[in-house]
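Residue strings, one per chain:
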Amino acid sequence: MPATPLEVENLSAGYGPTRVLDGVSFSVPAGARLAVLGRNGMGKTTLLATLAGQTKRYDGTIRIGAADVTGMPSAARAHKGLGYVPQARCVFPTLTVEENLFVGLKGRAKSALDEAYDMFPRLKERRRNLGNQLSGGEQQMLSTARTILGRPSVLLLDEPLEGLAPVICEELMAAFAELAKTGDMTILLVEQRIQSALDFADHVIVLERGRLAWAGTPKALSDDQDAVERLLGVGGLH
Ligand SMILES: Nc1ncnc2c1ncn2[C@@H]1O[C@H](COP(=O)(O)OP(=O)(O)OP(=O)(O)O)[C@@H](O)[C@H]1O
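An unreviewed UniProt entry annotates the protein as Amino acid/amide ABC transporter ATP-binding protein 2, HAAT family originating from Rhizobium tibeticum.

In structure tokens:
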């Protein structure tokens, strides 16, 4: 599937009676890389989970390309091209790396596994290891690769760098940049490592208490010291 644009309009959602997102609207052009930033607990994970159909939606619409996926269950959204790599790395602990990847093939030929191994050569080296024998970074690679094998047109990445050593973060970000270069995917990245997210992205939104508080380019955000301090709680970016 080629990359598709994502359009979110007036989205309000939460958990049961708890409203977290409040009237969020933004759009991401096909093939763009959007960084979703904000301090802890501002609703970033809830936004991605809502796009993936995993929260309670109160209001608003979500479109992937021409398809209005608002009322669709998660599986139907995946079918429409949405790939979701949640914060909790989803690895089957008692399956090998290769068996974990089989799950992502969804009917594609086994030879498609090479796409995953090209993206993360470490996974090829460890293909016979069990999921529970992997490091955090390898689990992240596996979780991402399994989603990529489904060839999503819009990819949601929730804090992929969380808890990982700097060298692994660099490896992952380089792989995401390569993926973005193909132009096959529109990518949304939630990240606490602000500089890594801004280096990767070409568009940025910042959430504050479930609302869209800022939108623009990475450069415009770096130049807006007031917004950086107020919304991200950091002294400055370069
Ligand atoms: N399952 C849940 N049930 C009820 N409230 C929840 C649930 N998950 C998250 N929340 C609440 O929703 C709000 C937003 O949380 P969310 O995880 O979306 O924020 P976040 O910006 O991703 O934070 P972080 O950067 O810490 O991951 C928080 O107040 C949180 O306590």
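This is not the end of the story, as more comes after the structure.
This part is about the site of the ligand. With respect to spatial proximity, 13 residues lie near the ligand, and among them Gly41, Lys44, Thr45, Thr46 and Gln192 are the closest. A distance of 2.7 Å is found between an oxygen atom of the ligand and a side-chain nitrogen or oxygen belonging to lysine 44. Taken by itself the ligand offers 630 Å² of open surface, and the protein chains cover 59% of this. By residue number, the principal contributor to the shell around the ligand is helix H1 (residues 44-51), which donates three residues. When its residues are assigned to classes, the shell around the ligand shows three nonpolar, seven polar and three charged.

A few words now on the packing of helix H6 (residues 136-148) against helix H7 (residues 166-181). At a minimum axis separation of 10 Å, H6 and H7 run at an interaxial angle of 15 degrees. In terms of orientation, H6 and H7 fall into the roughly parallel class. Crossing geometry of H6 relative to H7 is assigned as right-handed. Taking contact as the criterion, the partners of Gly137, Gln140, Met141, Thr144 and Ile148 in H6 are, on H7, Ile168, Glu171, Leu172, Phe176 and Leu179. Of the residues assigned to the contact of H6 with H7, the class counts are six nonpolar, three polar and one charged.

Successive side chains on a regular strand alternate, one facing one side of the sheet and the next facing the other. As paired elements, strand E1 (residues 6-15) and strand E2 (residues 18-28) share seven bridges and run antiparallel to each other. Across the sheet, valine 8 pairs through a bridge with phenylalanine 26, a residue of E2. The hairpin turn running from E1 into E2, its antiparallel successor, is two residues long, and glycine 16 in that turn takes a positive phi close to 55 degrees. Bridge count between E1 and strand E4 (residues 56-64): seven bridges; the pairing is antiparallel. Residue pairing in the sheet places serine 12 in a bridge with aspartate 59 of E4.

With that settled, the discussion passes to the pairing of strand E7 (residues 154-158). Counted residue by residue, E7 has five buried out of five residues, so it is predominantly covered. Here E7 shows two buried faces, one formed by Val154, Leu156 and Asp158 and the other by Leu155 and Leu157. With four bridges connecting them, strand E6 (residues 82-85) and E7 associate as parallel partners. Paired with glycine 83 across the bridge in E7 is leucine 155. Across five bridges, the pairing between E7 and strand E8 (residues 186-190) is parallel. Along E8, the bridge assignment pairs leucine 155 with isoleucine 187. Once the chain exits E7 it traverses H7 before rejoining the sheet at E8, and the crossover so formed is right-handed.

The next thing to look at is the layout of surface pockets. Considered as a void within the structure, the largest pocket measures approximately 580 Å³ in volume. Around the largest pocket sit 25 residues that line it, and Ala78, Leu82, Gly83, Lys106 and Thr147 are the ones nearest its centre. When residues of the lining of the largest pocket are traced back to their parent elements, those giving at least two are helix H2 (74-79), E6, helix H3 (97-105) and H6. By residue number, the principal contributor to the lining of the largest pocket is H2, which donates four residues. Looking at side-chain class alone, the lining of the largest pocket contains twelve nonpolar, nine polar and four charged residues.

Now for the UniProt feature "domain: ABC transporter" (unreviewed entry) in the protein. As annotated in UniProt, the feature "domain: ABC transporter" (unreviewed entry) corresponds to residues 6-234 in the numbering used here. The distance separating the terminal C-alpha atoms of residues 6-234 is 29 Å; by composition the span is 37% helix and 28% strand.

Thresholds, definitions, all that
- Residues numbered from 1 in each chain as written.
- Predicted model: local features only at pLDDT ≥ 70, side-chain atom pairs only at ≥ 80, totals over all residues.
- Heavy atoms only, no water.
- Near = heavy atom within 4 Å.
- Polar contact = N/O pair within 3.5 Å; in protein donor to acceptor, adjacent residues only side chain to side chain.
- Areas by Shrake-Rupley, 256 points an atom, 1.4 Å probe, with all protein chains shown as cover.
- Helix = DSSP H or I, 4+ residues; strand = E, 2+ residues; numbered from the N terminus.
- Nonpolar A, V, L, I, M, F, W, Y, C, P; charged D, E, K, R; others polar.
- Axes fitted to C-alpha atoms, helices over the stretch in contact; angles between N-to-C directions.
- Parallel < 35°, antiparallel > 145°, perpendicular 65-115°, else oblique.
- Left-handed = near helix turned anticlockwise from the far one by under 90°.
- Contact = heavy atoms within 4.5 Å.
- Pairing = 2+ DSSP bridges.
- Buried < 20%, exposed > 50% of the residue type's maximum accessible area, 1.4 Å probe, protein only.
- Right-handed = clockwise from strand over helix to strand, strands pointing away.
- 1 Å grid on protein atoms, 1.4 Å probe; cavity = no way out; pocket = protein on both sides within 12 Å on 5 of 7 lines; lining within 4 Å.
- Points joined across faces, edges and corners; volume = space filled by probe spheres on them.
- UniProt positions renumbered as here; feature names shortened; annotations may be inferred.

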